[in-house]
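Summary of the model geometry
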Amino acid sequence: MTETAVETPTFRHFIAGEWCESTSGATFESRNPADTRDVVGRFQQGTAADVAMAIKAAETAYPMWARTPAPKRGEVLYAFGALMAEHKERLARAMTREMGKVLAEARGDVQEGIDIAYLMAGEGRRMAGETVPSELPDKWAMSIRQPLGVAGIITPWNFPMAIPCWKTMPALVTGNTVVFKPSSDTPHCATLLVELMAEAGFPAGVVNLVTGGGGEVGDAIVDSPDVAIISFTGSSTTGKGIAQRAAKRLKRVSLELGGKNGVVVLGDADLDLATDGILWSAFGTTGQRCTAASRVIVERSVVEPLLQRLEARARKLRLGSGLDPAVDVGPLINAGALEKVDSYVGIGRGEAELVMGGGRATGGDLANGHFFEPTIFAAVGAMDRIGQEEIFGPVLSIIPVDDYGSAMLALNQTRYGLSSSVFTRDVNKAFRAMRDFETGIVYVNAGTTGAEVHLPFGGWKETGNGHREAGHVALDTYTEWKSIYVDFSGRLQRAQIDNQPG
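Since the model is a prediction, treat every value here as computed from it, not as a measurement.

Within the open sheet, the seven strands sit side by side as E14-E15-E16-E13-E12-E18-E19. Their pairing is mixed. Each of the sheet's edge strands pairs with one partner strand only, and the pair in question is strand E14 (353-356) and strand E19 (441-444). Strand after strand, the sheet turns through a mean of 20° between neighbouring axes, direction not considered. As judged from the four bridges shared by strand E12 (residues 261-265) and strand E18 (residues 419-423), these two strands associate in the parallel manner. Pairing of Gly262 across the sheet is with Ser420, part of E18.

Right, let's get into the sheet that holds strand E21 (residues 479-487). Pairing within the open sheet is antiparallel, and its three strands lie in the order E5-E6-E21. On the outer flanks of this sheet lie strand E5 (130-133) and E21, each paired with one strand and no other. Neighbour-to-neighbour, the strand axes of the sheet open up by a mean angle of 20°, direction not taken into account.

Our next topic: the pairing of strand E8 (residues 177-181). Counting buried positions along E8 yields five of five residues, so the element is predominantly enclosed. Because side chains alternate across E8, one face comprises the buried residues Thr177, Val179 and Lys181, and the other comprises Val178 and Phe180, equally buried. In this region the chain leaves strand E7 (residues 150-154), passes through helix H5 (residues 162-173) and returns to the parallel neighbour E8; the handedness of that crossover is right-handed. Two elements, E8 and strand E9 (residues 207-209), share three bridges in a ladder whose sense is parallel. Counted as the bridge partner of Val179 is Asn208 from E9.

Let us look at unusual backbone geometry. Positioned with a positive phi, Thr285 is a non-glycine residue whose angle comes to about 55°. Counting through the fold element by element, Thr285 comes out in the loop between helix H9 (271-283) and strand E13 (293-299). A positive phi angle, near 55°, is found at Thr286, a position not held by glycine. The residue Thr286 is located in the loop between H9 and E13 in this model. Residue classification places Thr286 among the buried positions, given a relative accessible area of 2%.

Attention now goes to the state of the cysteines. The full count for this structure, using the stated rule, is zero disulfides. With no disulfide partner, Cys165 has as its closest neighbouring cysteine sulfur the one in Cys189, 11 Å distant. With a relative accessible area of 0%, Cys165 lands in the buried category.

All chains considered together, the criterion is met by 29 salt bridges. Here Arg93 and Glu89 are joined by a salt bridge, their closest N and O atoms 3.1 Å apart. Remark: Glu89 and Arg93 occur in helix H3 (residues 88-99); sequence separation between them is four residues, near one turn of the helix. Taking the relative accessible area as the measure of exposure, Glu89 reaches 33% and is therefore partly exposed.

This next bit is on the packing of aromatic side chains. What the rule picks out here adds up to seven aromatic pairs. Judged by centre distance (5.0 Å) and plane angle (10°), the rings of Phe11 and Phe43 are stacked. One end of the pair, Phe11, is in the segment before strand E1 (13-15); the other, Phe43, is in strand E4 (residues 35-44), with 32 residues separating them in the sequence. When sorted by exposure, Phe11 lands in the same class as Phe43, which is buried. Between Tyr78 and Tyr118, the ring centres sit 4.6 Å apart and the planes meet at 25°, which makes this aromatic pair stacked. Placement of Tyr78 in helix H2 (residues 70-86) and of Tyr118 in helix H4 (residues 103-123) is noted, with a sequence separation of 40 residues between them. Here Tyr78 falls in the partly exposed class, since its relative accessible area comes to 47%. Among the aromatic side chains, those forming a connected cluster through ring pairs are Phe11, Phe28 and Phe43. Sitting above the plane of the Phe159 ring, Lys101 keeps its charged end 3.7 Å from the centroid. Positioned above the aromatic ring of Trp280 is the side chain of Arg289, whose terminal nitrogen or guanidinium carbon lies 4.3 Å from the ring centre.

What follows concerns the environment of Val222. With respect to the helices, strands and loops of the structure, Val222 is situated in helix H7 (residues 214-223). Given a relative accessible area of 2%, Val222 falls into the buried group.

Time to look at H5. Helix length check: H5 (12 residues) gives 17 Å between terminal C-alpha atoms against 16 Å at 1.5 Å per residue, within 8%. Within H5, 12 of the 12 residues are buried, leaving the element largely enclosed by the surrounding structure. When H5 is considered as a whole, its buried residues turn out to be Ala162, Ile163, Pro164, Cys165, Trp166, Lys167, Thr168, Met169, Pro170, Ala171, Leu172 and Val173. Directly beyond the C-terminal end of H5, a positive phi value near 105° is found at Gly175.

Right, let's talk about the packing of H2 against helix H6 (residues 187-200) for a bit. Relative orientation of the contacting elements H2 and H6 amounts to 130°, with a least axis distance of 8 Å. Here H2 is positioned oblique relative to H6, judged by the angle of their axes. Crossing hand, H2 versus H6: right-handed. In this structure, H2 uses Val76, Ala79, Phe80, Leu83 and Met84 to contact H6, whose residues at the interface are Leu193, Leu196, Met197, Glu199 and Ala200. Of the residues assigned to the contact of H2 with H6, the class counts are nine nonpolar, no polar and one charged.

What counts as what
- Residues numbered from 1 in each chain as written.
- Predicted model: local features only at pLDDT ≥ 70, side-chain atom pairs only at ≥ 80, totals over all residues.
- Heavy atoms only, no water.
- Pairing = 2+ DSSP bridges.
- Helix = DSSP H or I, 4+ residues; strand = E, 2+ residues; numbered from the N terminus.
- Axes fitted to C-alpha atoms, helices over the stretch in contact; angles between N-to-C directions.
- Buried < 20%, exposed > 50% of the residue type's maximum accessible area, 1.4 Å probe, protein only.
- Right-handed = clockwise from strand over helix to strand, strands pointing away.
- Disulfide = S-S within 2.5 Å.
- Salt bridge = Lys/Arg side-chain N within 4 Å of Asp/Glu carboxyl O.
- Phe/Tyr/Trp six-rings, centres within 6.5 Å; stacked < 30°, edge-to-face > 60°.
- Lys NZ or Arg CZ within 6 Å of the ring centre and 35° of its normal.
- Expected span 1.5 Å × (residues − 1).
- Parallel < 35°, antiparallel > 145°, perpendicular 65-115°, else oblique.
- Left-handed = near helix turned anticlockwise from the far one by under 90°.
- Contact = heavy atoms within 4.5 Å.
- Nonpolar A, V, L, I, M, F, W, Y, C, P; charged D, E, K, R; others polar.

Pasting the structure below:
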């Protein structure tokens, strides 16, 4: 019997409510990082002309969508969230196949998208401004939110459904229209999302998808005079470049960038609980999270017992395809990521003590994927390169310190400031950490990952530029404030002049 070859599907842009091919006539492939022989699909190699068409469609749709009552916009978001929930397992499996994270984590990624869709759907009825007393009689004073226009949404591959939803849902409920460029490593995940958005009932042109590279598609979105807001998640280097170019037009930019997150383990900590939190934070998503813990800052009195626990547990982690329920750690996203992690391990060998791991995993079923062993370094200096620079892989550095004060200093001695955690039984030290740690997120007796969508998400220092995703404050990114005064006195009243004491 002869095997029948399965034809690789080709996917298209989504512009003005229609699926269409790129003006380039070219496509690129997305492959399974756990087995690169598996081609997920072919996708359009977008161009500046494609972006221009998408922006025009978004501009055309904007007046109607902005005038749609916010509660009605929220109903469409709710329908989208319900469709994601209905298709959760299919979406999760597609995600695992395309970017590699284990299936349980992929389900969590989809759930974040569902959660933010429902949260922002409710904001359609909660989009409050302020009504305040006027200083003059017979005068009304209030503020309202209004949308900006076309939002350019540029997303990474590591949370290929959650992060697009974090950005598009607040943009859409506030009345903006969207041009969405996903990572070229996960275009299929983006396509599946946009298919559900279309099914949910977003009008033509409100959501537009253009796939392709950052140099063509991303730059065209950033540089367009008709895009009012850019929301980008990715590397700090790329984010700085986007901010510089957008500044020429005084364009609003929301950046969620790198991290070098630390877990502080004090001498009185529950070491078994700390081990659970560290392993999940360091090796979940193969360390490819902006919130991943890549540093563990430990009081010297408990370095050895903690390290013994971490090594014993990490050696039991099983690598492989995330679709296998027995697998704990999936692949890195691509060959470039594999090279980067390998190079940093080489740096670490010259700086610290390699406890375990440190090499590519290529045996058996791993031969055709981008796998790297979970790696732990001990005796790392707080200012060593592996203790300072973002590796974005399954590499953990153990940094010994003398006390809480030196732990806090080591934690804060980095140019990033996204997430941190402290393990302690001392409530006073826990509250000091909440105050002292220079990060946008602080966990007590938990790892560095696991944010919930109804609180702000974002970081300090070079992790971002002050905007926040998730929570109701995400609306600030996508709206302008308008203050309104209504004088019904029937005469001219002058604020600050006519309100003097009599």
